[in-house]
Amino acid sequence: MAEVENPAADANEPDYKRLHAYSLVRNTDMDDEMLSEAVDTAVTACDKFPENMEAAAQMLKQTMDTKFGPSWHAVIGEGFGFEITYEVKNLLYMFHAGMYSICLWKCA
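Cut-offs and rules
- Residue numbering note: each chain is counted from 1, following its sequence as written.
- Where local features are concerned, this predicted model is filtered to residues with pLDDT of at least 70; where side-chain atom pairs are given and counted, the filter is 80 or more; whole-chain, interface and lining totals use all residues.
- Side-chain descriptors were evaluated using all non-hydrogen atoms of the structure, hydrogens and water having been removed beforehand.
- A run of DSSP states H or I qualifies as a helix once it reaches four residues; a run of E qualifies as a strand once it reaches two. Both are numbered from the N-terminal end.
- Relative accessible area decides the class of each residue, using a 1.4 Å probe on protein chains only: under 20% of the type maximum gives buried, over 50% gives exposed, and in between gives partly exposed.
- Contacts were defined at the residue level, with two residues in contact if any of their heavy atoms lie within 4.5 Å.
- Lys and Arg are tallied as positive, Asp and Glu as negative. Neither His nor the chain termini are counted.
- By definition here, a salt bridge exists when the distance from a side-chain nitrogen of Lys or Arg to a carboxyl oxygen of Asp or Glu is within 4 Å.
- Two N or O atoms count as a polar contact when they lie within 3.5 Å, although within protein this holds only if one can serve as hydrogen donor and the other as acceptor, and sequence-adjacent residues are included solely when both atoms are side-chain atoms.
- Two strands are said to pair when DSSP picks up at least two bridges between them.
- Residues grouped as a nonpolar core are buried Ala, Val, Leu, Ile, Met, Phe, Trp, Tyr and Cys residues, joined through side-chain atoms within 4.5 Å.
- Two aromatic rings, drawn from Phe, Tyr or Trp (for Trp, its six-membered ring), form a pair once their centres lie within 6.5 Å of each other, and the interplanar angle then sorts them: stacked below 30 degrees, edge-to-face above 60, tilted otherwise.

Peer 1: I keep staring at the overall build of the chain and nothing clicks. Help me out?
Peer 2: Helix and strand content of the chain: three helices and four strands. Secondary structure of the chain in N-to-C order comes out as α-β-α-α-β-β-β. Out of the 108 residues belonging to the chain, those deemed buried represent 32%. The contacts of the chain with a sequence gap of at least 6 include a subset with a gap of at least 24, amounting to 58%.

Here is the structure:
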């Protein structure tokens, strides 16, 4: 018997990372105003630098330093784990576009 190929599987394969075109906040303890600003800045940074996550993280860090005081740290990438010490009410861990993880925290 001849093998039957599934053309639907091949058509969906390149788009598997783009199933989630929105941002998903996984964990946070920020207040609503700071959270909204952080998420908007993170999404803007990832969209502005889609091939350079280091530049996106730097943009996110500098924006948060300017608006909410110094000592912010940002990590943007794929497939990383973390264990951090941070100031209470200053942590954001989110996913964006189904392929980026973003961790933002303040530590003095």
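Peer 1: Even after reading the chapter, I still don't get the side chain of Lys-106, so can you show me in this structure?
Peer 2: Among the secondary structure elements, Lys-106 is positioned in strand 4 (residues 100–106). Of the side chains bearing the opposite charge, Glu-87 lies closest to the buried Lys-106, which forms no salt bridge; the N-O distance is 4.5 Å. A distance of 3.1 Å separates a polar side-chain atom of Lys-106 from the backbone oxygen of Phe-68. Beyond its immediate sequence surroundings of up to four residues, Lys-106 is in contact with Phe-68, Gly-69, Pro-70, Ser-71, Trp-72, Tyr-86, Glu-87 and Asn-90.

Peer 1: Got a minute to help me understand the pairing of strand 3 (residues 91–96) in this structure?
Peer 2: Every other side chain in a regular strand lies on the same face of the sheet, so the side chains alternate between the two faces. Most of strand 3 is tucked away: five of the six residues are buried. In the sheet, strand 1 (residues 23–28) pairs with strand 3 via five bridges, with the strands oriented antiparallel. From the neighbouring strand, Thr-28 faces strand 3, where its bridge partner is Leu-92. The sheet contact formed by strand 3 and strand 4 spans six bridges and is antiparallel. Each residue of the ladder has a partner; that of Leu-92, found in strand 4, is Leu-104.

Peer 1: Hey, could you run me through the nonpolar core in this one?
Peer 2: Nonpolar side chains tend to gather and get buried jointly when the protein is soluble and globular. Ranked by size, the top nonpolar core spans 22 residues in total, and within it Met-30, Leu-60, Ile-76, Leu-92 and Leu-104 carry the most contacts. Those elements that place two or more of their residues in this core are helix 2 (32–48), helix 3 (53–68), strand 2 (72–77), strand 3 and strand 4. Here this core takes eight residues from helix 2, the largest share from any one element.

Peer 1: Could you clarify how one ought to interpret the packing of aromatic side chains in this entry?
Peer 2: For any pair of aromatic rings, the description rests on two quantities: the centre-to-centre distance and the angle between the ring planes. The tally for this structure, following the rule as stated, stands at three aromatic pairs. Each ring, one from Phe-80 and one from Phe-82, has its centre 6.3 Å from the other, and the planes form 45 degrees; the classification is tilted. Given a relative accessible area of 25%, Phe-80 falls into the partly exposed group. For the ring pair Tyr-93 and Phe-95, a centre distance of 5.3 Å and an interplane angle of 65 degrees mean the geometry is edge-to-face. With a relative accessible area of 15%, Tyr-93 lands in the buried category. Looking at Phe-95, the relative accessible area reads 26%, which means it is partly exposed. Grouped by ring-pair contacts, the aromatic residues Phe-80, Phe-82, Tyr-93 and Phe-95 constitute a single cluster.

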